[in-house]
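Read off the chains here:
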Protein chains: 2
Amino acid sequence: MSSAPSIYDVSRLSGVSTATVSRTFSCPSRVKEATRRKVYEAAEALNYSPNAIARSMAIQRTDKIAYLICKQGATILDEFYAGICDGILHTVNRTDYQLLVSTEEDWKLSGATAQSKSIEGVILGGKAEMSLISEFRAQGIPVVLVNYFVPGLELPSVVADEAGGVRQAMEHLISRGHKRIAMLAGRLNPYVLSERYNAFVAIMKERELPLKPNDVKMCDPDVKSAEAAARELLSLAPRPTAVLCANDVIAAGVCKAAHRLGLRLPEDLAVVGYDDASFCTMLDPELTSVHIDCRRMGELCVERMTELLGEKPDVSEFTVVPTELIVRRSS
Amino acid sequence: MSSAPSIYDVSRLSGVSTATVSRTFSCPSRVKEATRRKVYEAAEALNYSPNAIARSMAIQRTDKIAYLICKQGATILDEFYAGICDGILHTVNRTDYQLLVSTEEDWKLSGATAQSKSIEGVILGGKAEMSLISEFRAQGIPVVLVNYFVPGLELPSVVADEAGGVRQAMEHLISRGHKRIAMLAGRLNPYVLSERYNAFVAIMKERELPLKPNDVKMCDPDVKSAEAAARELLSLAPRPTAVLCANDVIAAGVCKAAHRLGLRLPEDLAVVGYDDASFCTMLDPELTSVHIDCRRMGELCVERMTELLGEKPDVSEFTVVPTELIVRRSS
DNA sequence: ATAATAAATGTAAGCGGTTACATTTTGACG
DNA sequence: CGTCAAAATGTAACCGCTTACATTTATTAT
């Protein structure tokens with residue numbers, strides 16, 4: 001198979017210069033209707049399609065951005081960051097942008113740099129290391145954070161309305177008559193954790209509900225740790241009648257612990273998760289959870305990035321995506 | 001910020017020709033030790049790193065491959081295909097290859113072609129449409145299938161040992177004394193479904209266990225459908241004592257149905273899932289499932305692809321990844 | 001009709017590497 | 001030393017596209 005046809009072949013066949021062919025494809029309005037048609041015909045006949053590499057070379061831009069998942073041990077398998085990735089991919093796939101996906105860990109291990117990967121902007125998902133952020137900034141590479149925020153850094157961040165989500169969950173529980181509400185917090189990334197935790201405490205205070213130090217427990221975000229922590233939480237006297245969990249995995253742990261202790265959901269204990277992971281509907285009873293539109297977050301990341309990459313002088317620092325409480329059987 | 005230093009800058013600073021600089025980076029053994037050192041020094045001083053775009057342009061290769069998820073409505077959020085993606089990414093990120101991720105749907109909608117995206121090879125995950133496969137082949141683009149196989153097409157396929165997995169599950173159930181074993185099959189992709197189904201039937205026959213037509217039911221692969229189908233399965237008389245499910249989501253549906261019917265797991269009913277999704281440990285009781293090493297499958301896809309892209313004349317058609325039964329409380 | 005202006009097209013020089021081929025340097029050997 | 005092959009390096013064309021600038025063609029005003 002001979003090599004692909006170039007702009008030169010089209011030029012010859014259509015009888016116009018290469019410049020005109022180029023214009024026909026990159027800026028059709030600048031060539032006369034009749035000429036344009038001739039070019040299209042020739043291109044069609046030759047099955048020509050512009051060579052993106054050569055184009056990048058000529059215009060000195062790659063339109064390539066990266067999405068790095070910055071979470072200890074997490075990969076694209078992490079449902080939350082995969083959701084964001086989905087949004088990014090979906091948006092990027094319908095533009096001329098290209099996306100490089102990796103993890104912070106792989107990125108550093110492979111010694112990659114924005115330059116070596118021809119990257120023009122980077123979206124960092126989760127708690128990125130400061131050194132990484134600084135490196136990109138030093139190289140003049142625009143950075144967008146998602147699901148994370150660093151005060152004072154003036155970096156655009158796309159985040160979910162954490163406080164709002166907690167409020168929705170709490171109001172739901174309170175409206176169901178719960179007064180002794182505990183929280184099982186996990187070691188999420190510092191920004192997200194503090195938002196959720198602070199909102200919880202603030203609302204308890206605001207509603208003048210009793211909150212003792214032991215009513216909030218911390219655990220690792222895996223089922224085992226959550227289950228163990230939940231056991232302690234549920235052996236408090238008087239026992240909490242509802243538990244707000246920092247995420248769904250933790251909530252699953254609470255459900256298991258409750259089951260072991262012979263507590264019925266939601267009669268004896270109401271459980272609310274956070275993130276609305278896909279497995280919420282697989283649990284029995286199905287888990288009430290705060291839904292986060294990850295895909296939307298991903299889309300917004302790309303929007304912010306294109307703004308940064310475009311002429312827009314400065315981009316708003318915060319982009320907040322609303323949450324929605326999905327009420328199911330567990331509460 | 002001025003533009004990045006080019007090979008020309010390094011050439012001047014180090015006092016050698018651009019050709020030598022180029023060789024120093026792409027084939028160090030071809031330049032004398034002393035010269036090499038000079039070049040490295042100059043490069044270091046200028047903070048030079050080769051421009052990948054220009055290189056691609058010159059050598060007429062992009063080293064870029066694509067991974068298309070070919071499953072109705074599925075995205076990178078589908079845990080199984082995300083697992084494969086993880087393996088691919090991991091492998092690709094530590095080579096000079098680049099990866100483009102998309103779905104079959106997005107790919108077609110955006111009118112992308114291998115040429116327009118500068119793709120040199122494509123990995124198709126799941127049941128790809130024949131038209132898509134043909135298109136790539138017509139363009140001389142190497143194709144690797146994963147989790148799918150088309151007889152007679154002579155395309156390298158990376159698949160899990162489905163029959164083996166079913167056997168592991170069945171032997172486990174049989175060793176636990178089960179004789180009335182039902183199967184709840186879902187509309188998976190045709191290759192995978194038939195492998196799992198045929199293996200199930202074969203083993204039942206082989207062990208001379210009773211199998212009536214109604215003992216195998218088909219359902220859509222979502223919890224709701226599975227739960228409904230499971231209800232029917234569990235109302236058969238005599239009732240099956242074990243159910244082999246085509247995947248974990250279906251298994252979750254079975255667990256819910258059993259629970260509603262007041263059946264205890266595993267005493268009254270044993271349930272075995274397939275794929276070993278992350279939520280298996282979140283269910284209560286935890287779900288026994290056939291583990292598939294998706295990441296390994298992804299790695300193997302890249303290996304096959306590099307072989308195809310390299311000189312290797314013909315690549316083995318089948319690459320089979322072993323499965324492992326993870327026994328948990330549900331059986 | 002003619003000049004002035006706008007629109008369309010053409011010419012050719014890059015973009016930053018690679019590499020065939022030419023030239024110079026090196027080193028082994030008679 | 002001189003010869004000659006091998007090794008190292010240099011020269012310059014090329015990869016396929018864009019675009020500044022030059023030139024031609026069309027349009028409008030006078």
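As the structure is a prediction and not an experimental result, all values here were calculated from the model.

(A) Seen up close, the sheet that holds strand 9 (residues 270-275) of chain A. All names here are of chain A. Within the open sheet, the six strands sit side by side as 7-6-8-9-10-12. Their pairing is mixed. At either end of the open sheet lies a strand with only one pairing partner, and these are strand 7 (216-219) and strand 12 (323-326). Here the average twist between neighbouring strands, direction ignored, is 20 degrees. Of the strand pairs in this sheet, strand 8 (residues 242-245) and strand 9 are connected by three bridges, and their pairing is parallel. The partner of Leu244 across the bridge, within strand 9, is Val272. Contacts between helix 8 (residues 162-175) and the sheet are confined to strand 6 (181-186), strand 8, strand 9, strand 10 (288-292) and strand 12, with strand 12 contributing the most and set at about 25 degrees to the helix.

(B) Structural context of the packing of aromatic side chains. All names here are of chain A. Under the counting rule described, the total for this entry stands at twelve aromatic pairs over all chains. Plain terms: the ring middles of Phe25 and Tyr40 are 6.1 Å apart, the flat faces sit at 80 degrees to each other, and that makes the pair edge-to-face. On the criterion of sequence distance, the pair formed by Phe25 in helix 2 (residues 18-26) and Tyr40 in helix 3 (residues 33-46) is long-range, its members being 15 residues apart. Judged by its relative accessible area of 31%, Phe25 is partly exposed. Overall, Tyr40 belongs to the partly exposed group, its relative accessible area being 37%. A network of ring pairs unites the aromatic residues Phe25, Tyr40 and Tyr48 as a single cluster. Over the face of the ring belonging to Tyr274 we find Arg196, whose NZ or CZ atom lies 3.7 Å from the ring centre.

(C) Spatial organisation of the pattern of salt bridges. Tallied over the full model, the rule gives 49 salt bridges over all chains. Asp63 of chain A is paired through a salt bridge with Arg61 of chain A; the nearest N and O atoms lie 2.7 Å apart. Assessed through its relative accessible area of 13%, Asp63 of chain A is described here as buried. Accessibility expressed as a relative area gives 40% for Arg61 of chain A, which makes it partly exposed. Of the charged contacts, one joins Lys108 of chain B and Glu129 of chain B as a salt bridge, the two residues approaching to 3.0 Å between their closest N and O atoms. Of the two residues, Lys108 of chain B sits in helix 6 (residues 104-109) while Glu129 of chain B sits in the loop between strand 3 (121-125) and helix 7 (130-138), which places them 21 residues apart along the sequence.

(D) Broad picture of helix 5 (residues 79-93) of chain B. Over its 15 residues, helix 5 of chain B runs 20 Å from end to end, which matches the ideal 21 Å to within 8%, given 1.5 Å per residue. When you tally the buried positions in helix 5 of chain B, you get 13 out of 15 residues, the bulk of the element.

(E) Summary view of the protein's contact with DNA strand D. Near DNA strand D, the surroundings consist of 27 residues, among which Ile7 and Ser22 of chain A together with Ser17, Arg23 and Thr35 of chain B are the closest. Each atom of DNA strand D within 4 Å of the protein was assigned to sugar, phosphate or base; sugar and phosphate come to 63%. One nitrogen or oxygen atom from the main chain of Lys32 of chain B is found 2.9 Å from a phosphate oxygen belonging to DNA strand D. Take Gln60 of chain B: an N or O atom from its side chain is 3.1 Å from a sugar or linking oxygen of DNA strand D. With five residues, helix 4 (residues 52-59) of chain A is the single largest residue contributor to the surface near DNA strand D.

(F) Summary view of the pairing of strand 11 (residues 318-321) of chain A. Residue and element names in this part refer to chain A. Judged by which residues are buried, strand 11 turns out to be one-sided: Thr319 and Val321 face inward and are buried, whereas Phe318 and Val320, on the alternate face, are not. Strand direction decides the pairing type here: strand 5 (residues 157-160) and strand 11, joined by four bridges, are parallel. In the sheet register, Ser157 faces strand 11, and the bridge partner there is Phe318.

(G) Region of interest: the protein's contact with DNA strand C. Around DNA strand C, 26 residues are found, and the nearest of them are Ser17, Arg23 and Thr35 of chain A together with Ile7 and Ser22 of chain B. Each atom of DNA strand C within 4 Å of the protein was assigned to sugar, phosphate or base; sugar and phosphate come to 59%. Taking Lys32 of chain A, its main chain carries an N or O atom lying 2.8 Å from a phosphate oxygen of DNA strand C. Within the side chain of Tyr48 of chain B, an N or O atom sits 3.3 Å from a sugar or linking oxygen of DNA strand C. The set of elements that each furnish at least two residues to the surface near DNA strand C consists of helix 2 and helix 4 of chain A together with helix 2 (18-26) and helix 4 (52-59) of chain B. For the surface near DNA strand C, the element with the highest residue contribution is helix 4 of chain B, accounting for five residues.

(H) Representation of the relation of the copies chain B and chain A in the model. The operation relating chain B to chain A is a screw motion whose rotation component is 180 degrees, with 0.1 Å of axial translation and a residual RMSD of 0.2 Å. Here the copies are linked by what is in effect a two-fold axis. A high fraction, 100%, of the interface residues of chain B reappear at the interface in chain A, so the copies pair face to face through one surface.

(I) Examining the pairing of strand 7 (residues 216-219) of chain B more closely. All names here are of chain B. In this sheet, strand 7 lies alongside strand 6 (residues 181-186) in parallel orientation, the contact comprising four bridges. By the bridge assignment, Ala185 is partnered in strand 7 with Met218. Crossover strand 6 to strand 7 through helix 9 (residues 190-206) is right-handed.

(J) Representation of the nonpolar core. Grouped together as the largest cluster of nonpolar side chains are 184 residues, with contacts concentrated most on Tyr67, Leu124 and Phe136 of chain A together with Tyr67 of chain B. Counting residues in each nonpolar core, the second largest holds 25 residues, with Leu100, Val143, Val159 and Tyr191 of chain B among its members.

(K) Molecular detail of the interface of chain B and chain A. The partner chain A presents 52 residues to the 52 residues of chain B that form the contact. Between chain B and chain A lies a buried interface of about 4200 Å² when both sides are counted; carbon and sulfur atoms form 55% of it. It is Ile53, Asn93 and Met282 of chain B in chain B that bury the most area against chain A; as a group they hold 15% of the surface buried on that side. There are six salt bridges connecting chain B and chain A.

(L) Broad picture of the environment of Leu153 of chain A. Residue and element names in this part refer to chain A. The residue Leu153 is located in the loop between strand 4 (143-146) and strand 5 in this model. In this structure Leu153 comes out as buried when scored by relative accessible area, which is 17%. Residues in contact with Leu153, not counting those within four places in the same chain, are Met130, Ile133 and Arg137.

(M) Up close: the packing of helix 8 (residues 162-175) of chain B against helix 9 of chain B. Residues and elements named next belong to chain B. Where helix 8 meets helix 9, the closest approach of the two axes is 8 Å, and the angle between their N-to-C directions is 40 degrees. If you check the angle between helix 8 and helix 9, you find them oblique. For the pair helix 8 and helix 9, the sense of crossing is right-handed. In this structure, helix 8 contributes Glu162, Ala163, Val166, Arg167, Met170 and Ile174 to the contact, and helix 9 contributes Val192, Glu195, Arg196, Ala199, Phe200, Ile203, Met204 and Glu206. Of the residues contributing to the contact of helix 8 with helix 9, the split by class is nine nonpolar, no polar and five charged.

(N) Region of interest: the sheet that holds strand 4 of chain A. Residue and element names in this part refer to chain A. In spatial order, the strands read 2-1-3-4-5-11; together these six strands make up an open sheet with parallel pairing. Edge positions in the sheet fall to strand 2 (98-103) and strand 11, since each of these pairs with one other strand and no more. Sheet twist, expressed as the average angle between the axes of neighbouring strands with direction ignored, equals 20 degrees. Pairing geometry for strand 4 and strand 5, over two bridges, is parallel. Among the inter-strand pairings, Val146 is bridged to a residue of strand 5, identified as Val158.

The rules we used
- Counting of residues starts from 1 at the beginning of each chain's written sequence and follows it residue by residue.
- A letter from A marks each chain and a number from 1 marks each ligand, given out in the order of writing.
- Since the coordinates come from a predicted model, pLDDT governs what is reported: local features require at least 70, and pairs of side-chain atoms require 80 or more to be given and counted, while whole-chain, interface and lining totals use all residues.
- Derived side-chain values reflect all non-hydrogen atoms in the structure, with water molecules and hydrogen atoms excluded from consideration.
- For two strands to be treated as a pair, DSSP must find at least two bridges joining them.
- Helical segments are the DSSP runs of H or I of at least four residues, strand segments are the runs of E of at least two, and each set is numbered from the N terminus.
- Lines fitted to C-alpha atoms define the axes, with helix axes restricted to the stretch in contact, and inter-axis angles between N-to-C directions lie between 0 and 180 degrees.
- By definition in these notes, contact holds between two residues if any of their heavy atoms fall within 4.5 Å.
- Note on aromatic contacts: the rings of Phe and Tyr and the six-membered ring of Trp form a pair at centre separations within 6.5 Å, being stacked when their planes are under 30 degrees apart, edge-to-face when over 60 apart, and tilted otherwise.
- When a residue's accessible area, from a 1.4 Å probe over protein chains only, is under 20% of the maximum for its type it is buried; when over 50% it is exposed; and in between it is partly exposed.
- In this scheme, Lys NZ or Arg CZ marks a charge over a ring once it lies within 6 Å of the ring centre and within 35 degrees of the ring normal.
- Any Lys or Arg side-chain nitrogen located within 4 Å of an Asp or Glu carboxyl oxygen qualifies as a salt bridge.
- Expected span, for any helix, means 1.5 Å times one less than how many residues it has.
- If even one non-hydrogen atom of a residue comes within 4 Å of a molecule or strand, that residue is called near it.
- Polar contact is defined as a pair of N or O atoms within 3.5 Å, subject to the rule that within protein one atom must be able to donate a hydrogen and the other to accept it, and that residues adjacent in sequence are counted only when both atoms are side-chain atoms.
- For the least-squares superposition of copies, only C-alpha atoms count, and only for residues with pLDDT at least 70 in both.
- Handedness of a crossover: with both strands directed away from the viewer, a clockwise path from the first strand across the helix to the second marks it as right-handed.
- Buried Ala, Val, Leu, Ile, Met, Phe, Trp, Tyr and Cys residues form a nonpolar core when they are joined through side-chain atoms within 4.5 Å.
- The term buried area means the drop in 1.4 Å probe accessible area that two parts suffer when joined, counted for both and summed.
- In these notes the angle categories are as follows: under 35 degrees is roughly parallel, over 145 is roughly antiparallel, 65 to 115 is roughly perpendicular, and the rest is oblique.
- In this scheme the crossing of two helices becomes right-handed for a clockwise turn of the near helix relative to the far one and left-handed for an anticlockwise turn of less than a right angle.
- When residue character is reported, Ala, Val, Leu, Ile, Met, Phe, Trp, Tyr, Cys and Pro are called nonpolar, Asp, Glu, Lys and Arg charged, and the others, Gly included, polar.

These values are about where atoms sit, not about what they do.
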